[in-house]
Amino acid sequence: MTILTKAPRRSAQALVVLCSVLLLNACASTPPASDHTLEAASTATRPDGIARGETDDEKVARLWSSAEKARQTGQDATALKLVYEALDISPQNSLLWSRAAELQLDNLEAALAESYATKSNAFAGQDDRTLLYRNWLIIEQARQIRGDLLGVRSAHKKVQEYQYR
């Protein structure tokens, strides 16, 4: 199963995110559809920035799908609950941790967002550059919310590192 996710939606850095995402999308390709493909629909407030993940666990796939539907209708608390349920089943799934980070960022829970994005990076490994890029965007925004200017600067360097490779 392929799980797709979008980049965070904080308007304070919309221009940086939009430019980054446009560059990223110019290099991205869409995988062929399959029985296990889930794609989150684009919304006006969420710029495209797709990260992919695989799972063979049908329950995780169903929870992901339900969480995406809840997220798209603005039910972030329900979406987060469903992502946590999926993490109980698949605790090393980097994409689930990244989605939890994004949902926490959307709720202005910057410390949790950064923690979850960092955990996602640890499970993603260095090969999943798109997810690492996305997580560093989340970390950068979380640090900005907390007012950690030095942290923002170091996170931004990581964003650039993954953006241009």
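In what follows, the structure referred to is the one given above.
Values in this document were obtained by computation on a predicted structure and should not be read as measured data.

Here we look at the pattern of salt bridges
Across all of its chains, the model carries nine salt bridges by this definition. Its salt-bridge partner being arginine 143, residue glutamate 114 comes within 2.9 Å of it at the nearest N-O pair. With glutamate 114 in helix α5 (residues 110–124) and arginine 143 in helix α6 (residues 129–146), this pair connects stretches of sequence that are 29 residues apart. Summarising the burial analysis for this pair, glutamate 114 and arginine 143 share the class buried. A single salt-bridge network, built from bridges that share partners, covers Glu68, Arg71, Arg99, Glu102 and Arg134.

What to know about the side chain of serine 90
Counting through the fold element by element, serine 90 comes out in the loop between α3 (76–89) and α4 (94–106). Apart from the residues within four sequence positions on either side, serine 90 is in contact with Val60 and Leu96.

Regarding α3
With 14 residues, α3 ought to run about 20 Å at 1.5 Å a step, and its terminal C-alpha atoms sit 20 Å apart, in line with that. Within α3 the residues assigned to the buried category are Asp76, Ala79, Leu80, Leu82, Val83, Ala86 and Leu87. Buried residues in α3, looked at end-on, bunch into an arc of 165°, giving them a common side. Residues Ala77, Lys81 and Asp88 are exposed on α3 and point more than 90 degrees away from its buried face. In the core, the buried residues of α3 are packed alongside α2 (58–72) and α4.

Some thoughts on the nonpolar core
Among the nonpolar cores identified, the biggest contains 34 residues, and Val83, Leu87, Leu96, Ala100, Trp136 and Ile138 are the most heavily contacted of them. Every element with two or more residues in this core is listed here: α2, α3, α4, α5, α6 and α7 (149–163). With eight residues, α6 is the single largest residue contributor to this core. Apart from residues no more than four positions distant in its own chain, leucine 87 is found in contact with Asn93, Leu96, Trp97 and Ala100.

Concerning the packing of α6 against α7
Axis separation between α6 and α7 bottoms out at 8 Å; the angle between their running directions is 160°. Between α6 and α7, the crossing angle belongs to the class labelled roughly antiparallel. Crossing of α6 over α7 shows left-handed handedness. Residues Arg129, Leu132, Tyr133, Trp136, Leu137, Ile139, Glu140, Arg143 and Gln144 of α6 lie in contact with α7, whose contacting residues are Gly151, Val152, Ser154, Ala155, His156, Lys158, Val159, Glu161, Tyr162 and Gln163. Partitioning the contact of α6 with α7 into residue classes produces nine nonpolar, five polar and five charged.

Brief notes about α4
Here α4 is 13 residues long and its end C-alpha atoms lie 18 Å apart, about the 18 Å a rise of 1.5 Å per residue gives. Among the 13 residues in α4, 13 count as buried, and that is most of the element. Remark: leucine 108 follows α4 within two positions and exhibits a positive phi of approximately 60°.

Re the environment of leucine 112
For leucine 112, the location among the structural elements is in helix α5. For the pair leucine 112 and alanine 142, spaced 30 residues apart in sequence, the C-alpha separation works out to 8.7 Å.

Criteria and thresholds
Residues numbered from 1 in each chain as written. Predicted model: local features only at pLDDT ≥ 70, side-chain atom pairs only at ≥ 80, totals over all residues. Heavy atoms only, no water. Salt bridge = Lys/Arg side-chain N within 4 Å of Asp/Glu carboxyl O. Helix = DSSP H or I, 4+ residues; strand = E, 2+ residues; numbered from the N terminus. Buried < 20%, exposed > 50% of the residue type's maximum accessible area, 1.4 Å probe, protein only. Contact = heavy atoms within 4.5 Å. Expected span 1.5 Å × (residues − 1). Arc of directions from axis to C-beta. Core = buried A, V, L, I, M, F, W, Y, C linked by side-chain atoms within 4.5 Å. Axes fitted to C-alpha atoms, helices over the stretch in contact; angles between N-to-C directions. Parallel < 35°, antiparallel > 145°, perpendicular 65-115°, else oblique. Left-handed = near helix turned anticlockwise from the far one by under 90°. Nonpolar A, V, L, I, M, F, W, Y, C, P; charged D, E, K, R; others polar.

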